[in-house]
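# Working through the structure, step by step
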Amino acid sequence: MPEFCDVALPVPLDIVFTYRIPPNISPVIGGRVLVPFRQRRMTGIVVELHDRAPSITAKNIIAVVDPAPVLDQPLLRLGRWIADYYLAPVGEVFRTMLPLSAEFKRTIGYRITEEGRRALHLAGMSGSSARSRRPPEDQATEFRVLDYLAAYADEAAPREEVVHNESGVSHFSPVLGEVGKFPPDAPAPDVSPQSRDMKMLVREQPLRSATHATRALLDGMVRKNWIAREDLSAPQDARRTTKIAVLKSGEGKLKDNQRRLIDTLAASGGKVPVHQLQSADIPRTTLGTLVRRGLVELVEEPAEFTVSRARPRPSPFDFEFNPAQQSALDRLRDAVTNRQFSGLLLHGVTGSGKTAVYLAGMRFVLDAGRSAILLVPEIGLTPAVAADLHQIFGDEVAILHSALSDRERAEQWHRIQRGDARMVVGTRSAVFAPVADLALIIVDEEHDASYKQEENPRYHARDVAVMRAKMSNAVVVLGSATPSLESYFNAKKSKYALIDLPDRVEQRPLPEVEIVDMRLEFQETGREQVISRKLAAEIQERIDRKEQVMVLLNRRGYSPVVLCRTCGKKLECSNCAIALTHHKREHKMVCHYCGFTAPVPKACVHCGSEYVYFLGTGSEKLEELLHGMFPQARIARLDRDTVRGHEDFERTLNALNEGELDLLVGTQMIAKGHDIHGVTLVGVVGADVALGLPDFRAAERTFQLLTQVAGRAGRGQTPGRVILQTYFQDHYSVQYAARHDFTGFYEKELTFRGWMHYPPYSALANVVVRSDKLDEALEWSGLLGKWFDATRHEGVRVLGPAAAPILRLKRDYRYHFVLKSPSREKLNTTLRAMLAEAAKRKIPRTQIIVDVDALWLM
Ligand SMILES: [Zn+2]
Ligand SMILES: [Zn+2]
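In this report, the structure presented in the accompanying data block is examined.

### Focus: the coordination of the zinc ion (ligand 2)
Coordination sphere of the zinc ion (ligand 2), protein contribution only: Cys573 (SG), Cys576 (SG), Cys591 (SG) and Cys594 (SG), at 2.2 to 2.4 Å. Classification of the site at the zinc ion (ligand 2) as tetrahedral follows from its 4 donor atoms and the range of 100 to 117° in their angles at the metal. For the zinc ion (ligand 2), all donor residues lie on one chain, and their spacing in sequence is C-x2-C-x14-C-x2-C. Remark: Cys591 occurs in the loop between strand S25 (588-590) and strand S26 (597-598) and Cys576 occurs in the loop between strand S23 (561-564) and strand S24 (581-583); sequence separation between them is 15 residues. Cys591 carries the same exposure label as Cys576, and that label is buried.

### Observations concerning the pattern of salt bridges
Across all of its chains, the model carries 53 salt bridges by this definition. The salt bridge partner of Asp14 is Arg845, with a shortest N-O separation of 3.5 Å. Of this pair, Asp14 sits in the loop between strand S1 (4-8) and strand S2 (17-20) while Arg845 is found in the loop between helix H24 (824-840) and strand S35 (848-852), placing the two residues 831 residues apart along the sequence. Between Glu538 and Lys534 there is a salt bridge; the shortest N-O distance is 3.2 Å. Remark: Lys534 and Glu538 occur in helix H17 (residues 533-544); sequence separation between them is 4 residues, near one turn of the helix. Among the residues examined, Lys534 registers a relative accessible area of 31% and is labelled partly exposed.

### What about the coordination of the zinc ion (ligand 1)?
Donor atoms from the polypeptide that bind the zinc ion (ligand 1) are Cys564 (SG), Cys567 (SG), Cys604 (SG) and Cys607 (SG), placed at 2.2 to 2.4 Å. The site at the zinc ion (ligand 1) holds 4 donor atoms, and with the angles between them running 107 to 114°, its shape is tetrahedral. Donor residues binding the zinc ion (ligand 1) come from one chain and are separated in sequence as C-x2-C-x36-C-x2-C. The class of Cys564 is buried, set by a relative accessible area of 3%. Since its relative accessible area comes to 33%, Cys567 is described here as partly exposed.

### Concerning the environment of Gln735
Counting through the fold element by element, Gln735 comes out in helix H21 (residues 732-738). Exposure remark for Gln735: the relative accessible area of 23% places this residue in the partly exposed category. Sequence spacing of Gln735 and Val513 is 222 residues, and the spatial spacing of their C-alpha atoms is 9.8 Å. In this structure, Gln735 is in contact with Ile515, Gln729 and Asp730, ignoring residues within four places of it in sequence.

### A look at the sheet that holds S2
Spatially, 5 strands are ordered S2-S1-S4-S3-S5 in an open sheet, and the strand pairing comes out antiparallel. Every interior strand has two partners, whereas the edge strands, S2 and strand S5 (63-64), have only one. With 4 bridges joining them, S1 and S2 adopt antiparallel strand pairing. Across the sheet, Asp6 pairs through a bridge with Thr18, a residue of S2.

The rules behind each value
- Residues numbered from 1 in each chain as written.
- Chains lettered and ligands numbered in written order.
- Predicted model: local features only at pLDDT ≥ 70, side-chain atom pairs only at ≥ 80, totals over all residues.
- Heavy atoms only, no water.
- Donors = N, O, S within 2.8 Å, 3.2 Å for Na, K, Ca; no water.
- Tetrahedral: all angles 85-135°; square planar, octahedral: opposite > 155°, others 65-115°.
- Helix = DSSP H or I, 4+ residues; strand = E, 2+ residues; numbered from the N terminus.
- Buried < 20%, exposed > 50% of the residue type's maximum accessible area, 1.4 Å probe, protein only.
- Salt bridge = Lys/Arg side-chain N within 4 Å of Asp/Glu carboxyl O.
- Contact = heavy atoms within 4.5 Å.
- Pairing = 2+ DSSP bridges.

No statement about biological role is implied by the geometric values presented.
Here you go:
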């Protein structure tokens, strides 16, 4: 065994760390190890084993977590590529790739030092200490912490074996004294040698909740040597089991609850995990009673049992493929059979049956004994879709959706790695699924913004999918009715093969789109209308005919702006330079960027004037307006306020599908890929709001949203119609969307992008410098600006520093640079040099956001 190993740790540093390998420990490349880092323990991925002694003494590895690699060579290579391309710390990339945090139990504890005891004692003698310049409440907290730890140590010291267990400090009650509580003449507390024992540790969480200490405050106390921090984190046993209730007999006299529980078990084939039974509203004791009576037995089974079984549904393969679908499938199969990298862009209009092609392609891969990954946007993975997938692929499918707990995610990960599930369906991070013999990756709705991770590492799952397919000699299929400009450009340059599905299935026509110019509407009616006369008439007609309507307004809440007519100021978030939105039902003002809430103002917070006006319309107000206009209609709303999880989303869509709703109002959520046959009218009340934003992708986004929402109309027997209300009726994104003319839009937008040196003609990065102190944000961005000026980077354009369009966000002031270059390599080199300069200037790495291929410049 080599003497050293290099470990990538999940810290914001662009380096790996060298540790010594002690005897009897055998780390493997691609496996996790537990190591000491600063005052903590961390798991990291071993990236190299070697005998090169580092210049400083290396610490020892504490333990090996995985005896075999959890990241194989191709995934390690992919991780390194991501780190390099997105300038992300490699350890953070690996952490993102591995959903295994549940297998690592973090245990950080604190104990009081002798110095801390002395400080506590002195404070007790003299009242509060006047030396410190820090705010008194911080000082009070510090002494609360010392008091708490001292009391715990005193309580614990005399005992033989006091193990501080999972349940925290509940088995004793320390005296929580205030500063100065000790009588002035009290002797210094007796410091017994045992108090230095590790068993005196109080875990961080109980300590913080009892004393309201922040992590920063505890850090300060550690620096003063008043308290000591120990990290006892350790790997957990990954082989989990689940308790299963098994039905033995349903005979005999049963009470209501008992009968219900027996029925639940019987309905699920006689076996249900205990935790699922407890979620039903049956008292916990009922199960115990049934077990005692011998009617139910509890057994332990491998945790995989928790994978939900499908209920039977009609298979989506019940229809015939049309020639275009068949030819798309043939090309996909040929590409897979070739065992060489190839990229296919499947451009299919809304309703053209792309999903059926995906699923048939995956089935082909499964039959060939190989693996496939299907990526879907955030909202698309509903329980119904999951049930369909189980129906087609049985136990061979693993579904990774955002509602999974860390533990469930880890279980699915192991199923995939063992080869038990070779078909993987999931959102963004499923692109890292550890499948063997990968043949096919499909990215559905490849233009969707949810594929870009908006935190470190800021990767784009579509681009990672392409790279992973390349590295594995696999096929990647990008599918969309509105491909991103980047992907379509690549297809035009023959980097991908372009496959068109130009028609809807069963020759259904695309909906007819009518534009209503809202400026004219205002002139003619003399009033600011939310719903035009045309749209109102069309809605009424559909309701009379018992057909269904969707209305899109891509802005949630009731009123987006609260304005004072006296001083002219808006009510803004206290953390962000963003107007607060009025939410009427919840009766509060909400920041849509950071979640900050405030009471609904009765008077202006700036000048006290009572003339506060609530302006503009959000989806909540639209719903109310429609209720008023169509009192007989059954109306529901879909947006982030009414949808808390996939179940809410699906429940509403089901109601629409079953004909229990006449009208569905919502934000862009209603535009996403679902297939409701009764909808014959789509009204667009505000989809062009984005056209007013200073963002070069605004036109593309608007075109996509308009096309997608229009695509919800006329998917059944009756042709659909779209009424598109706009203040930008001449804008090309509105015009082309109304004509369903993707190619026309694409050519025009591409011309503009070329003139402005924007993607896909240039590689682009957004660099944001942020600090909660305005001075610092200005100083740092100024320093970097001067450096950019002084160092000429040939072939790279640097715009900035400029105030970011959202100057203040989540308490941080933000200044940014936009870098553009036709050469990705040059862009990358410049960004790397910039980060090195920032490090030299002691600008913390966490305060500089480097967003390569940024989707938003806000
Ligand atoms: Zn005012
Ligand atoms: Zn905010």
